[in-house]
Amino acid sequence: MRIAIYPGSFDPITNGHLDIIRRAAPLFDQLIVLVVINPDKRPTFSHKERLELIQRVVGDLPNVQVDTYQGLLADYVTAKGACALVKGLRAVTDFEYEFQMALVNKKLAPQTETVFLVTSTQNLYVSSSLVKQVAQFGGDISDFVPEQILPDVTRKLSAGRNNQE
């Protein structure tokens, strides 16, 4: 079985993330969207909230599952027997960072390849940080976030804005 892992913070999941998931899923027998818990980051959404939001938007993809993990990604990849890590690329700056990470992961988990998928042009500029910033100022994020979770994401990000006023 060809298992791939698409790791990220997904805080929150965006249309860009979903595009990569939908394009990667047919390439593998199983795709695990992995919410990586980084103790150095202060996410807006809890790992449980992110897991639930992702599950709602990938529910129609039978070979996609969602999981969370805190620890070394190479250890998770090895434990799952994954043959690939999936990474989305928006720009050259993404590539520089992801290329370094791919080399580290190859050293730590030599059986695993990193597969880079270039984002679709309509999502070239979309990031979770951008979504949060636009929402914090009351902007419309409907073009950036899957419609199934838009009300929940908007409510959560608006609540943060209202607490700052």
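It should be emphasised that the depicted structure is a prediction, and the values quoted were computed from it without experimental measurement.

### Some words on the overall build of the protein
Point 1. If you tally the helices and strands in the protein, you get 6 helices and 5 strands.
Point 2. Mapped in sequence order, the helices and strands of the protein form the string β-α-β-α-β-α-β-α-β-α-α.
Point 3. For 165 residues, the compact-globule formula gives about 15 Å, and the C-alpha radius of gyration of the protein, at 16 Å, lands near that figure.
Point 4. Taken over the C-alpha atoms alone, the protein extends approximately 50 × 30 × 30 Å along its principal axes.
Point 5. The 165 residues of the protein split such that 42% are buried.
Point 6. Once local pairs closer than 6 in sequence are excluded, the contacts in the protein between residues at least 24 apart make up 76%.
Point 7. Here the protein contributes 17 positive and 18 negative side-chain charges, whose respective centroids are spaced 4 Å apart.

### Remarks on the pairing of strand β1 (residues 3-8)
Point 1. Across the 6 residues of β1, 5 count as buried, placing the element largely inside the fold.
Point 2. For β1 and strand β4 (residues 84-89), the ladder comprises 2 bridges, and the chain directions are parallel. Its bridge partner lying in β4, Ile5 is registered against Leu85.

### A word on helix α1 (residues 15-24)
Point 1. Burial within α1 is extensive, with 8 of its 10 residues counted as buried.
Point 2. Every buried residue of α1 is accounted for by Asn15, Gly16, His17, Leu18, Asp19, Ile20, Ile21 and Ala24.
Point 3. For α1, the capping residue at the N-terminal end is Thr14, with a side-chain oxygen 3.2 Å from the backbone nitrogen of Gly16.

### A closer look at unusual backbone geometry
Point 1. Residue Asp11 is joined to Pro12 through a cis peptide bond whose omega torsion reads 0°.
Point 2. Secondary-structure assignment places Pro12 in the loop between β1 and α1.
Point 3. The backbone phi angle of Phe10 is positive, close to 50°, even though this residue is not glycine.
Point 4. A relative accessible area of 1% means that Phe10 is categorised as buried.

### Here we look at the layout of surface pockets
Point 1. Quantified by volume, the largest pocket comes out at close to 1,200 Å³.
Point 2. Pro7, Gly8, Ser9, Lys41 and Glu98 are the residues nearest the centre of the largest pocket, which is lined by 40 residues in total.
Point 3. For the lining of the largest pocket, the secondary-structure elements that each account for two or more residues are β1, α1, α3 (73-80), β4, α4 (92-108) and α5 (128-136).
Point 4. Residue contributions to the lining of the largest pocket peak at 7 residues, all from α4.
Point 5. Classifying every residue of the lining of the largest pocket by side-chain character gives 17 nonpolar, 14 polar and 9 charged.

### Overview of the packing of aromatic side chains
Point 1. In the structure shown here, the tally under the stated rule is 5 aromatic pairs.
Point 2. Seen in terms of ring centroids, Phe95 and Phe99 are 5.4 Å apart; in terms of plane orientation they differ by 25°. Their pairing is stacked. Placement of both Phe95 and Phe99 in helix α4 is noted, with a separation of 4 residues, approximately one turn of the helix.
Point 3. With a relative accessible area of 37%, Phe95 lands in the partly exposed category.

### Quick notes on the sheet that holds β4
Point 1. Taken in spatial order, the 5 strands of this open sheet run β3-β2-β1-β4-β5, and their pairing is parallel. Each of the sheet's edge strands pairs with one partner strand only, and the pair in question is β3 (64-69) and β5 (113-118). Across the sheet, the mean angle from the axis of one strand to that of its neighbour is 30°, orientation sign disregarded.

Calculation notes
Residues numbered from 1 in each chain as written. Predicted model: local features only at pLDDT ≥ 70, side-chain atom pairs only at ≥ 80, totals over all residues. Heavy atoms only, no water. Helix = DSSP H or I, 4+ residues; strand = E, 2+ residues; numbered from the N terminus. Rg over C-alpha atoms; globule rule 2.2 N^0.38 Å. Buried < 20%, exposed > 50% of the residue type's maximum accessible area, 1.4 Å probe, protein only. Contact = heavy atoms within 4.5 Å. Lys, Arg positive; Asp, Glu negative; His and termini not counted. Charge placed at Lys NZ, Arg CZ, Asp CG, Glu CD. Pairing = 2+ DSSP bridges. Polar contact = N/O pair within 3.5 Å; in protein donor to acceptor, adjacent residues only side chain to side chain. 1 Å grid on protein atoms, 1.4 Å probe; cavity = no way out; pocket = protein on both sides within 12 Å on 5 of 7 lines; lining within 4 Å. Points joined across faces, edges and corners; volume = space filled by probe spheres on them. Nonpolar A, V, L, I, M, F, W, Y, C, P; charged D, E, K, R; others polar. Phe/Tyr/Trp six-rings, centres within 6.5 Å; stacked < 30°, edge-to-face > 60°. Axes fitted to C-alpha atoms, helices over the stretch in contact; angles between N-to-C directions.

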